[in-house]
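This is what each chain is made of:
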Amino acid sequence: TEEEPNMTILPELEAQILRYYHVEKWRTGTIAAQLGVHHGTVTRILAQAGLPKIGAPRRASAIDPYLPFIRETLEKFPTLTASRLYAMVKSRGYSGSPDHFRHLIAVHRPRPKAEAYLRLRTLPGEQAQVDWGHFGHLEIGRAQRALMGFVMVLSWSRMIYLRFFLGAHMENFLRGHVGAFAAWGGVPRTLLYDNLKSAVLERQGQAIRFNPVLLSFAGHHRYEPRPVAVARGNEKGRVERAIRYIRDNFFAGRTFTGLDDLNAQAEAWMTGPAADRRCPEDTTLSVREAFALETKHLLTLPENPYPTDEQVAVKINKTPYARFDLNDYSVPHDYVQRTLTVVSSLQEVRILNGQEVLATHPRSFDKGLQIEIPAHIEALLEHKHQASQHRGTDRLTQAVPQSRDLLIQAPDRGEPLGRITVALLHLLDRYGATELQAGIQEALQRGVPHPNAVRLALERRREARELPPPVEITLPRHVQDRDTPVQAHQLDGYDQITEASHDAD
């Protein structure tokens with residue numbers, strides 16, 4: 001086994017090691033074996049006495065002639081892969097195996113220098129750090145939603161704000177900020193962000209392109225958004241430690257019935273155990289006590305709240321529903337084939353046409369649901385019924401023009417127009433247009449504009465001619481389609497084809 005780094009050696013043992021090496025001329029391995037110590041211990045004792053490091057002489061290797069070229073190449077391209085470097089060296093005459101070469105290159109590859117970090121200290125109210133934590137998924141009906149924890153921590157007092165959301169999109173990111181500012185009663189002067197898409201859209205060296213929505217939000221609250229430098233974990237260590245603390249001391253083994261229950265438990269934990277822990281900046285204070293001192297250094301909240309509702313344009317197709325976040329929300333049927341605006345909070349979904357609110361629905365985080373307002377469906381059914389009635393009226397008046405007079409006079413007697421139209425269409429199918437025209441004319445002459453009067457007139461005309469009652473035969477649609485008139489094709493074209501064929505022969 002390897003020697004313990006801080007292993008204590010008795011002075012008597014050190015004296016024995018030096019005497020056997022200098023006087024008796026024993027080798028390092030012999031001394032270690034005879035005294036029952038590790039050979040590394042013997043080497044360390046001899047090195048402390050001012051002797052050079054003792055080891056077996058290095059044997060010549062096939063890679064030795066290529067080491068200057070390898071070191072020069074790695075100095076220019078430190079991340080060049082061993083396989084690519086092996087191909088370069090092999091083309092220059094190296095005969096070793098690729099596995100052994102990869103082992104040797106690992107020894108000669110330059111290592112980055114270890115960097116020392118300063119411990120960053122901040123003033124009260126000066127800075128907070130923000131990040132998301134992923135806590136698995138939440139099943140809501142048929143939907144699987146990502147459970148994301150928004151975490152903001154004050155850098156001086158270490159007060160934590162935690163709230164869970166179903167997804168890490170921009171609107172939830174801003175809602176988390178608003179909740180933290182409201183809970184703390186103020187705004188820190190600087191907010192430190194990791195390189196999230198919600199904060200930084202693009203970064204090239206020191207050139208940073210912030211998310212314009214976040215810049216607008218920061219301007220509204222008068223704080224400075226600042227991204228951490230790349231690969232600088234010490235700059236955002238407070239929020240990362242806070243997320244680990246949340247995982248271990250709050251979320252692990254916790255049961256909850258839903259998102260609202262989880263957030264209620266998180267609020268109780270933030271204002272309870274999390275606030276009672278010791279403050280790292282001043283161990284004589286708790287986080288709660290340090291936060292009480294820090295609140296007076298926070299910026300005041302703006303008077304008007306910043307809007308955090310989701311807002312998207314939605315095209316309404318043939319059915320009167322707006323598709324939003326995996327569900328369909330009903331709209332009045334008059335707005336099909338139009339583009340409307342959906343504005344949604346965590347509680348409700350509003351559908352707007354310009355500034356006019358067409359519908360307000362409770363928001364659902366399920367999947368594939370149709371959330372409807374009954375009045376929308378009833379209006380659509382009524383519209384469909386009226387459309388069907390209009391189609392029947394058009395057919396009737398086209399076949400029997402005098403039926404228009406009967407339809408005008410019948411409602412005056414309190415009869416429903418739709419029922420009269422259906423009855424007359426039934427008589428049209430049984431007796432034909434000519435007979436129905438005569439029956440309507442007789443009913444109007446008698447001053448009885450009603451389908452029953454028309455039916456009695458048709459029966460009298462049939463009995464006067466001693467004809468049998470008409471037989472009603474309802475054929476299936478595919479049989480009725482066989483009686484559709486087909487226009488015969490002109491045969492002149494076939495004659496021309498035949499004549500052209502004879503000429504060719």
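Coordinates for the structure precede this section.
On a predicted model such as this, the values are computed, not experimentally measured, just so you know.

Rules of the game
Residues numbered from 1 in each chain as written. Predicted model: local features only at pLDDT ≥ 70, side-chain atom pairs only at ≥ 80, totals over all residues. Heavy atoms only, no water. Core = buried A, V, L, I, M, F, W, Y, C linked by side-chain atoms within 4.5 Å. Buried < 20%, exposed > 50% of the residue type's maximum accessible area, 1.4 Å probe, protein only. Helix = DSSP H or I, 4+ residues; strand = E, 2+ residues; numbered from the N terminus. Phe/Tyr/Trp six-rings, centres within 6.5 Å; stacked < 30°, edge-to-face > 60°. Pairing = 2+ DSSP bridges. Axes fitted to C-alpha atoms, helices over the stretch in contact; angles between N-to-C directions. Polar contact = N/O pair within 3.5 Å; in protein donor to acceptor, adjacent residues only side chain to side chain. Contact = heavy atoms within 4.5 Å. Expected span 1.5 Å × (residues − 1). Arc of directions from axis to C-beta.

Undergrad: Any chance you could explain the nonpolar core here in plain terms?
TA: Looking at soluble globular proteins, one finds that nonpolar side chains tend to be buried together. Of all hydrophobic cores here, the largest spans 51 residues; its most connected members are Met152, Leu162, Phe173, Trp184 and Tyr223. With 7 residues, the top contributor of residues to this core is strand S2 (residues 143-154). In terms of nonpolar packing, the next biggest core, distinct from the first, is built from 18 residues, Leu407, Ala410, Tyr431 and Val454 among them.

Undergrad: Help me understand the packing of aromatic side chains in this model?
TA: In this description, a pair of aromatic rings is defined by centroid distance and the angle of the planes. Overall, the coordinates contain 22 aromatic pairs when judged by the stated rule. Measuring from ring centre to ring centre gives 4.3 Å for Tyr20 and Trp26, while their planes differ by 10°; the resulting arrangement is stacked. According to the relative accessible area criterion, Tyr20 is buried, its value standing at 16%. Between the aromatic rings of Phe217 and Tyr223, the centroid separation amounts to 6.3 Å while the plane-to-plane angle is 70°, which identifies the pairing as edge-to-face. The exposure classification of Phe217 matches that of Tyr223, with both residues buried. By way of ring pairs, the aromatic residues Phe135, Phe164, Tyr245, Phe250, Phe251, Phe256 and Trp269 are connected into one cluster.

Undergrad: Looking at this model, I keep getting lost on unusual backbone geometry. Mind explaining?
TA: Working note: non-glycine residues mostly have negative phi, and peptide bonds are mostly trans. Although it is not a glycine, Lys25 adopts a positive phi angle of roughly 60°. One can find Lys25 in the loop between helix H1 (11-22) and helix H2 (28-35). In this model, Gln337 sits at a positive phi of 60°, which is unusual for a non-glycine residue. The exposure class assigned to Gln337 is partly exposed, which follows from its relative accessible area of 44%.

Undergrad: In this structure, what is going on with the sheet that holds strand S14 (residues 348-353)? I would like to understand it.
TA: Sheet strands pair via backbone hydrogen bonds, and the direction of the pair is either parallel or antiparallel. The strand order across the open sheet formed by 4 strands is S10-S13-S14-S15, and the pairing between neighbours is antiparallel. The open sheet has two edge strands, strand S10 (310-315) and strand S15 (356-362), and neither has a second partner. Within the sheet, the average angular offset between the axes of one strand and its neighbour, ignoring direction, is 25°. Sheet topology note: the S10/strand S13 (residues 339-344) ladder contains 6 bridges and is antiparallel. Each bridged residue has a counterpart across the sheet, and for Lys315 the counterpart in S13 is Thr339.

Undergrad: How should the side chain of Arg175 be read in this particular structure?
TA: Position of Arg175 among the secondary structure elements: in helix H7 (residues 170-184). Note on Arg175: relative accessible area 7%, which makes it buried. Of note is the side chain of Arg175, whose polar atom sits 3.3 Å from the backbone oxygen of Thr308. Once residues lying within four places of it in the same chain are set aside, the contact partners of Arg175 are Phe165, Thr308, Asp309, Glu310, Ser344, Ser345 and Leu346.

Undergrad: Looking at this structure, I do not really get H1. What am I missing?
TA: When the terminal C-alpha atoms of H1 are compared, their 17 Å separation across 12 residues agrees well with the 16 Å that a helix rising 1.5 Å per residue should span. When we look at burial in H1, the residues that qualify are Leu13, Ile17 and Tyr20. Down the axis of H1, the smallest arc covering the buried residues is 75°, so these residues share one side. In this structure, H1 carries Pro11 and Glu12 as exposed residues pointing more than 90 degrees from its buried face. Of the surrounding elements, those touching the buried residues of H1 are H2 and helix H3 (39-48).

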